[in-house]
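# Topology and contacts: notes
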Amino acid sequence: MPFPDSFLRPSGAAARLSPSPRPGVFLWAGRAAALGAAVLALAGCSRPAPPPEPLRAVKLVTVGTQAAQAQHEYAGEVRARVESRLSFRVAGKIVQRPVEAGQHVRAGQLLAELDARDYELAAQAARAQASAAATQRDLAAADLQRFSRLRAQNFISGAELDRREAALQSAQAQLAQAQAQLAAQGNQAGYTRLLADGPGVITGVDAEAGQVVAAGTPVVRIARDGARDAVFAVPEDRVAGVRVGQAVQVAAWAGGAPLAARVREVAASADPVTRTFLVKVALEGGEPPPLGATVQVTLAGPAAQGASAGGARLVHLPSSALRQDGAQTAVWVFDPASATVRSQVVQVQGLQGGDALVSQGLTPGMQVVAAGVHVLAPGQKVSVYKPKSAPDQAEQAPEAINNEAANGATAPAAR
């Protein structure tokens, strides 16, 4: 609200001695003071500056070299040496299937059964035909005996006796045919019961009770007891280094002692979908892993053999130290002088266990960040992680620790 002129105008002697000030001067002064107060209020409500980023602790590994080992590793699956898909030899409706997947069966045990009434009726008909044929054979034999006596007395000609002999031979052939049909029909009735050829484990069920199946339709899959194989796929560029009889090592994914094994079979052609070659390795000695278990198969390859023969040495790094820098693979290298990290592009030749085999980009003695690589930036200051349970951290990165101790830096407590 504007002030009255009486408040702004001097009175008495002051009015006579000083000139009258302009009212606008005081108005602008008041507005300037209000504006300054508003600016100060806004400044007090603004966000504070962000705190500095905490010093991150990193785990380091010192780069060393090892001779390249002539090994390739593949993931495989344990299978039975003999695994069959069992089916009925006749068509019909399944009336029962008393076995389930995973069940162990013995030789001759009933696996499934068809409705056998039609086959039993056919067997009865064949049995009746065989009985009629036997009667006709007996009648022909009796006629031959009578006509033989008459021929001896010259009451009939020799041609008549020959006809009776031919009739007996025909009746004998019809009887043999009827008996063969009876045996076949009996087999057909027996084929309605699907029995296990040997002891094994049911690995799959392909038909259920009440289903009508044709002859040869798979009903159950059974893995026979006995020898076990480790089956895995080899890419096209490495199949030349796999040969029958080659010694390999198989380790169960769940742990345990490795098993000695030998290559038993190499597929002659590639899979039409994956373009890989199936290799079967016979497990020798020890208790094999259960069926379907995942195993790790280690065998030699031609590329690794050439590197080892030429004296090539590779850098082993934990796979957690690798990161993707655009289209390249890189690691963080620790600089002890400045306690910072820098990005270093490397070339990975392959994997061995949990380690990456680096062929280029690193030299012995470098210190590489082994964990937490995705939260670092080029030139970022870090500290060396010191676990409380390991007082002697100098074995992992002695130069970095000495540098940190000289600078008085302390690593944050591990969580």
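Keep in mind it's a predicted model, so treat the numbers as computed, not measured.

This part takes up the nonpolar core. Grouped together as the largest cluster of nonpolar side chains are 20 residues, with contacts concentrated most on Phe232, Val248, Val250, Val281 and Val297. Mapped by element, the contributors of at least two residues to this core are β4 (72-80), β13 (228-234), β14 (247-252), β15 (259-266), β16 (277-284) and β17 (294-299). Among the elements that take part in this core, β16 stands out by supplying four residues, more than any other. Every residue in contact with Phe232, bar those within four places of it in the chain, is listed here: Tyr74, Ala75, Gly76, Phe277, Leu278, Val279, Val281, Val297 and Leu299. Core analysis: the second largest hydrophobic core is formed by 19 residues, Phe88, Ile94, Val220 and Ile222 among them.

Another aspect to go through is the sheet that holds strand β5 (residues 83-87). The sheet built from four strands is open, its strands ordered β5-β12-β10-β7 with antiparallel pairing. This sheet does not close on itself; its edge strands, each paired only once, are β5 and β7 (104-105).

To continue, consider helix α4 (residues 117-152). Given 3.6 residues to a turn, an α-helix orients residues that are three or four positions apart in the same direction. Its 36 residues place the ends of α4 53 Å apart at the C-alpha level, agreeing with the 52 Å of an ideal helix rising 1.5 Å per residue. Taken together, the buried positions of α4 are Tyr119, Ala123, Ala126, Ala130, Ala133, Ala140, Asp143, Leu144 and Phe147. Where α4 is buried, its residues contact α5 (158-190).

Take unusual backbone geometry next. Positive phi values are uncommon outside glycine, yet Arg275 reaches one of about 60°. Along the chain, Arg275 falls in the loop between β15 and β16. Owing to a relative accessible area of 45%, Arg275 belongs among the partly exposed residues under this scheme. Although it is not a glycine, Ala339 sits at a positive phi angle of roughly 55°. Position of Ala339 among the secondary structure elements: in the loop between β20 (328-335) and β21 (340-352).

Inspection of the entire model under this criterion finds 15 salt bridges. Salt-bridge contacts for Glu77 lead to Arg79; the nearest nitrogen and oxygen are separated by 3.7 Å. In this structure Glu77 comes out as partly exposed when scored by relative accessible area, which is 33%. In this structure, Glu113 and Arg193 form a salt bridge, with 3.9 Å as the shortest nitrogen-oxygen distance. Here Arg193 lies in strand β9 (residues 193-195) and Glu113 lies in strand β8 (residues 110-114), a separation of 80 residues in the sequence. Residue class for Glu113 comes out buried when judged on its relative accessible area of 18%. Taking the relative accessible area as the measure of exposure, Arg193 reaches 40% and is therefore partly exposed. Sharing partners across several salt bridges, the network here consists of Arg81, Asp229, Arg264 and Glu265.

So, on to the pairing of β14. Note that β14 and β15 share four bridges and pair antiparallel. Counterpart to Ala247 in the pairing with β15 is Arg262. Adjacent in sequence and paired antiparallel, β14 and β15 are bridged by six residues, among which Gly255 carries a positive phi angle near 105°. Taken together, the four bridges between β14 and β17 define a ladder with antiparallel strand orientation. Counted as the bridge partner of Ala252 is Val295 from β17.

Here we take up the environment of Ala196. Tracing the backbone shows Ala196 in the loop between β9 and β10 (200-205). Judged by its relative accessible area of 6%, Ala196 is buried. Along the chain, Ala196 and Arg106 lie 90 residues apart, while their C-alpha atoms are 6.9 Å from each other. Once you skip the residues sitting within four places of it in the chain, Ala196 turns out to touch Val105, Arg106, Ala107, Gly108, Gln109, Leu111 and Ile222.

Once that is clear, we can look at the sheet that holds β13. Here six strands make up a closed barrel; going around it, the order is β4-β13-β16-β15-β14-β17 and the pairing antiparallel. Recorded for the sheet is a direction-independent mean angle of 40° between the axes of neighbouring strands. Pairing between β15 and β16: six bridges, direction antiparallel. Following the sheet pairing, Val266 is matched in β16 by Val279.

Calculation rules
Residues numbered from 1 in each chain as written. Predicted model: local features only at pLDDT ≥ 70, side-chain atom pairs only at ≥ 80, totals over all residues. Heavy atoms only, no water. Core = buried A, V, L, I, M, F, W, Y, C linked by side-chain atoms within 4.5 Å. Buried < 20%, exposed > 50% of the residue type's maximum accessible area, 1.4 Å probe, protein only. Helix = DSSP H or I, 4+ residues; strand = E, 2+ residues; numbered from the N terminus. Contact = heavy atoms within 4.5 Å. Pairing = 2+ DSSP bridges. Expected span 1.5 Å × (residues − 1). Salt bridge = Lys/Arg side-chain N within 4 Å of Asp/Glu carboxyl O. Axes fitted to C-alpha atoms, helices over the stretch in contact; angles between N-to-C directions.

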